[in-house]
Amino acid sequence: MRQPLLEKGATHQTEGEAKEDEFTCWYKIARAFNWVKAREKRMLWLGGKTYPRSYVSNKMNNQKYSILTFIPVVLFNEFKFFFNMFFLLIALSQLVPFLRVGFLITYIGPLMFVLFINMMKEAYDDFKRNLRDKEMNQKKHEILTTSGVYKSICSQSLKVGHIVKVNQNERIPADLLLLYTTEKSGSVFIRTDQLDGETDWKLRKAVPQTQQIHDPTEVINLQCFVRAEPPNDKIYDFLGNMEDQETGHVEGLSLENTLWANTVLASTGFILGLVLYTGIETRAQMNSKMPRSKVGLLDQEINFLSKVLFAFMLTIAFLIIVLEGFDGSWYYKYFRFVLLLASIIPISLRVNLDLAKIYYSYCISNDTIIEGTIARNSTIPEELGRIQFLLSDKTGTLTQNDMVFKKVSMEFAQFSVETMDELKAQLKESCEQSSGPLGDLDLSQGSFDGQQAGINGSIYGGSSHNNQMSFTTKKRLQPGKKGLKKHNREQKFIVRDLILALTLCHNVTPVYPNKDNPSFKELQASSPDEVALVKFAESLDMELLTREESYVKIKNAVGCIEEYDILANFPFTSASKRMGIILRHRSTQKIVFYLKGADTVMNDPVKPFQRATLVEQCETLAMEGLRTLVISQRLLTEAQYEEFKRRYSMAKSSMENREKLIQQAIESIEVDMEYLGTTGVEDKLQEEVLSTIEILRNAGIQVWMLTGDKIETAKCIAISTGLKERKQEIFEIANVTKESMIKEALNELDGKIDKMMLLIDGGSLQIILQSEELERRFFMIAKDAPSVCICRCSPTQKALVAKKIQQYTNKRIACVGDGGNDVAMIQVGDVGIGIVGKEGMQASLAADFSILKFKNLKHLLLWHGRHSYKRSAVLAQFVIHRGLIISIIQAVFSIIFYFVAIPIYNGFLMMGYATIYTSMPVFALILDQDVDLDSIMKFPPLYKTLQKGRSLNFKTFLIWVWISIYQGSVIMLFSIIFFPGNSFVNIVSITFTSLILIELLNVFTQVHRLRPKMLLAALITIIIYLSSILFFRNYFDVSAIDRQFIIKVIIITTICWLPLHVLKKIIQLCWPSQTAKVKDS
């Protein structure tokens, strides 16, 4: 029944008003404040009227904070960390008089500095987001008013129900329904890389009811309204319809009629679109989810060590109380000692590490050797140095996603690039004898239905006595085969039908952009594969001339024009994995249904007796490492087409289960398809893939390949990329349907996995994932394999595999891919690496690091990853030592001077020590290089030492604790011994001067290669310190600084530093590390 419409002045309730009454008062209030998304369907009239009456604003707001929320939210996020919360409590304790142990600025200053740096960073990032939002919100767009004229308004002022005009290369400002385009075909192309990351252009079609008007401004006067589903996040789906109030005609609307926000109009001219969704209800905004925040293993280890330090601080304070004998109010003094020793936990550690990571990320993004690499996540560059598993996509990652035609295989023959002239000759001969598809049908004999029965029956191996046509069997010897096969159809006509299918069955549109050169043609399409196939057909002189919404014109191999009416078109989707088109040849009135797709979905539609041939040929091409596409056709009678048209039209206008009904209608004609042939294209390998995988394997990184391709193709790629070594065998688990079979296979595999490359298909993997016991056993065995290949793997399975490796191995994994189907895996990995490829930017944008080529991985991991981790490990431990040594000095000072609970260093000295006196030398550590690039590439095993975390573990931590205890104790004790009877101010001067010099020397003990910048940092630090002695006389007794003072300070410094330095050199000499061996080689 047709939807009733409100005329002006009408008072009865419409369906839209009735729907509004179904929702609660709370929901209406929440909708008014945009607290919740709309749940009701919307009705939009082309004249501007809408139900419901109000919708969310189109104003973009990607800011994390507002003026009111900035300070509280940032402070909350900062004090979630143990370091910051600890020092906040310490600072607050100084407000209590009996707990005060020094100047308040000593404790509040460092904390305020850390908070200030982080708040400024957050404010700057949010300010940039505000500028981007403002630019988008203020962009001008034209809308069509009810008077039929265009009016310019800001993007943020667009409302649901507006009809907006968008020109070529302009961004779509909201989710639109395509009403009209200046393109005669009624179709436009859009670029969706900012929505789904895919660089392929997408085809969109105007609604036929509105496209046919002559004056586009008249669209506002059409008595039509649109029903649209509630907003959702499905960017590949839309459900709605348009109804004409005057005629009652209902037109089904789908994804192909929509233009989502943030896409760009690629076609020439302009379009008119009806605004369906705005603001936070657009598909783009509803899909803009925050990725999970990744925390590096180094950060987790440091967090653990900070808790150990906290316990160590409490222990030292307790030991002091024990030595004192619990006299008096010991618990009061205990808390004071805890406050005095608070510098054990260095508040500057997080800031130092964050700044270092920003520097590492800068080096990665500006490395000319791996030009184009972008570090999108500056919090985990050191994770690149701890990778043990690399999970890689195949197409576009290990390969270039650059398809080169190699072979076409048919029932009777196989043609390659070398025999293309023979194919071309047969095509030309058939075009001379016929003017359209199925040229071997003799239209002069029998009825059309009878002929159709003949083409679908006896011609393909059935009974031949009813067939009035004469067919000559041609013979061709297949390369490598000695047998000959007979077929009822002449091969030249099958060749013609196959090449014709490639010329017609696609979404490619030829455009002629150069008016001065009308013959110059460009092919626009949503997929480069489609363009490649059309160009292949053109190389055989089958040329696509015109493609419109319902019309196609081509020039065949003999120069004759052929015209076709497009009756229906079924685009390729990731779910269907096939594409179809129904055409009527104008000259012969034949109705032909062409269908092409992956072998897995094309097996059932083709005739049963042709299926074995299809499978055999696909497997043969796949064994050569080629990607396959199956081509088929079916001749339809008028009756068959009309029945399909009726079902298809009903399905498209349905508002319930539309996709299911449409698919059922299409599948009703996807039967008895004639198998024409299979094309085989080669996907070129990426540059230096073989050497890159070999280097990564030698570095201790296990490479797993996860692909959606067939087993045979995966095998070939595994061999050609070096994933399978020569001495290894392939252990295959495929087409398994029972758990018992998998258990048997795993029993056979266990014990010899280190000599095997494991290959498993997605179906078998799914059975494994359904059993927790089987799942655990599989991954515990597979983790020891030199390499693993999972084929026929879905995007969901890729992400699951990554999670399971993390779960069962506790090792760091990197996931690398180039397409939207790799995003889930990339986001699960400890490090996600996206390759900018032909499939678009989605993987690159979702990744932590973006690279241009697979070969860049070896430089990214072995060079930048290794140095980032080693430098961060040394930096973290040195900063911990910097706080620990001053706490040891404080503890020894308190014990010597009768357990007095007063600070040895006050105010400026404590702040200066953690900042201006030691910051530059400490940051010199991030410039250190233990080996050069050539050595790392020649000796990849150097990377293995990092995977075990030996640069930062509990053992190295205890070594630094021992160094701190030794040096802190020597400084304090020898200061008392060398300067007996000196005043407190002199003790401060002596110990602090020795401390600064020791820290400078400790830095140079850690570095492997001195650089001018390191020496400059040390020199500047010494100058600053000497200047501060002159200017801050309250802290230093300048009169006591003489020659004897300097000599004794040098002696103290030497005793503190030299024994440890010599001991380290002796250890390195007697037990050299791998790095030292490489340097000496």
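Look above for the structure.
Residues numbered from 1 in each chain as written. Predicted model: local features only at pLDDT ≥ 70, side-chain atom pairs only at ≥ 80, totals over all residues. Heavy atoms only, no water.

**Some words on the side chain of D761**
Working step 1: Within the element layout of this structure, D761 appears in strand β30 (residues 756-761).
Working step 2: One buried charged residue, D761, forms no salt bridge at all, with the nearest opposite charge on R792 at 7.5 Å.
Working step 3: Among the polar contacts made by the side chain of D761, one reaches the main-chain amide nitrogen of N735 at a distance of 3.0 Å.
Working step 4: Among the polar contacts listed, one links the side chain of D761 to the side chain of S764, at a separation of 2.5 Å.
Working step 5: Residues contacting D761, with those up to four places away along its chain left out, are I711, I733, A734, N735 and C791. (Helix = DSSP H or I, 4+ residues; strand = E, 2+ residues; numbered from the N terminus. Buried < 20%, exposed > 50% of the residue type's maximum accessible area, 1.4 Å probe, protein only. Lys, Arg positive; Asp, Glu negative; His and termini not counted. Salt bridge = Lys/Arg side-chain N within 4 Å of Asp/Glu carboxyl O. Polar contact = N/O pair within 3.5 Å; in protein donor to acceptor, adjacent residues only side chain to side chain. Contact = heavy atoms within 4.5 Å.)

**Considering the packing of helix α27 (residues 856-896) against helix α33 (residues 984-1006)**
Working step 1: Interhelical geometry of α27 versus α33 gives an angle of 160° and a closest axis separation of 12 Å. Here α33 runs roughly antiparallel to α27, going by the angle between their axes. Both α27 and α33 take part in a crossing whose hand is right-handed. Mapping the contact onto sequence places V874, F878, H881, R882, I885, I886, I889 and F893 in α27 and F984, L995, E999, N1002, V1003 and Q1006 in α33.
Working step 2: Its residues placed into classes, the contact of α27 with α33 shows 9 nonpolar, 3 polar and 2 charged. (Axes fitted to C-alpha atoms, helices over the stretch in contact; angles between N-to-C directions. Parallel < 35°, antiparallel > 145°, perpendicular 65-115°, else oblique. Left-handed = near helix turned anticlockwise from the far one by under 90°. Nonpolar A, V, L, I, M, F, W, Y, C, P; charged D, E, K, R; others polar.)

**Topic: helix α19 (residues 689-698)**
Working step 1: Within α19, burial applies to V689, T692, I693, I695, L696 and R697.
Working step 2: In this structure, the buried residues of α19 make contact with β16 (389-393), β28 (702-706), β31 (787-791) and α27.
Working step 3: Within two residues after α19, G700 carries a phi angle of roughly 90°, on the positive side.

**Describing the sheet that holds strand β8 (residues 201-205)**
Working step 1: Across the sheet, which stays open at both edges, the 3 strands sit in the order β8-β7-β13 with antiparallel pairing between neighbours. Each edge of the open sheet carries a strand with a single partner, namely β8 and β13 (264-265).
Working step 2: Strand direction decides the pairing type here: strand β7 (residues 187-191) and β13, joined by 2 bridges, are antiparallel. Its bridge partner being in β13, I190 is matched across the sheet by L265. (Pairing = 2+ DSSP bridges.)

**Digging into helix α10 (residues 348-365)**
Working step 1: With 18 residues, α10 ought to run about 26 Å at 1.5 Å a step, and its terminal C-alpha atoms sit 26 Å apart, in line with that.
Working step 2: By the burial criterion, the buried members of α10 are S348, L349, R350, V351, N352, L353, A356, K357, Y360, S361 and I364. (Expected span 1.5 Å × (residues − 1).)

**Considering the environment of A525**
Working step 1: Note that A525 resides in the loop between β20 (522-524) and α14 (528-539).
Working step 2: The exposure class assigned to A525 is buried, which follows from its relative accessible area of 11%.
Working step 3: In this structure, the C-alpha to C-alpha distance between A525 and I190, residues 335 residues apart in sequence, is 9.9 Å.
Working step 4: If sequence neighbours within four positions are ignored, A525 has contacts with F189, W201, N507, V508, E530 and V531.

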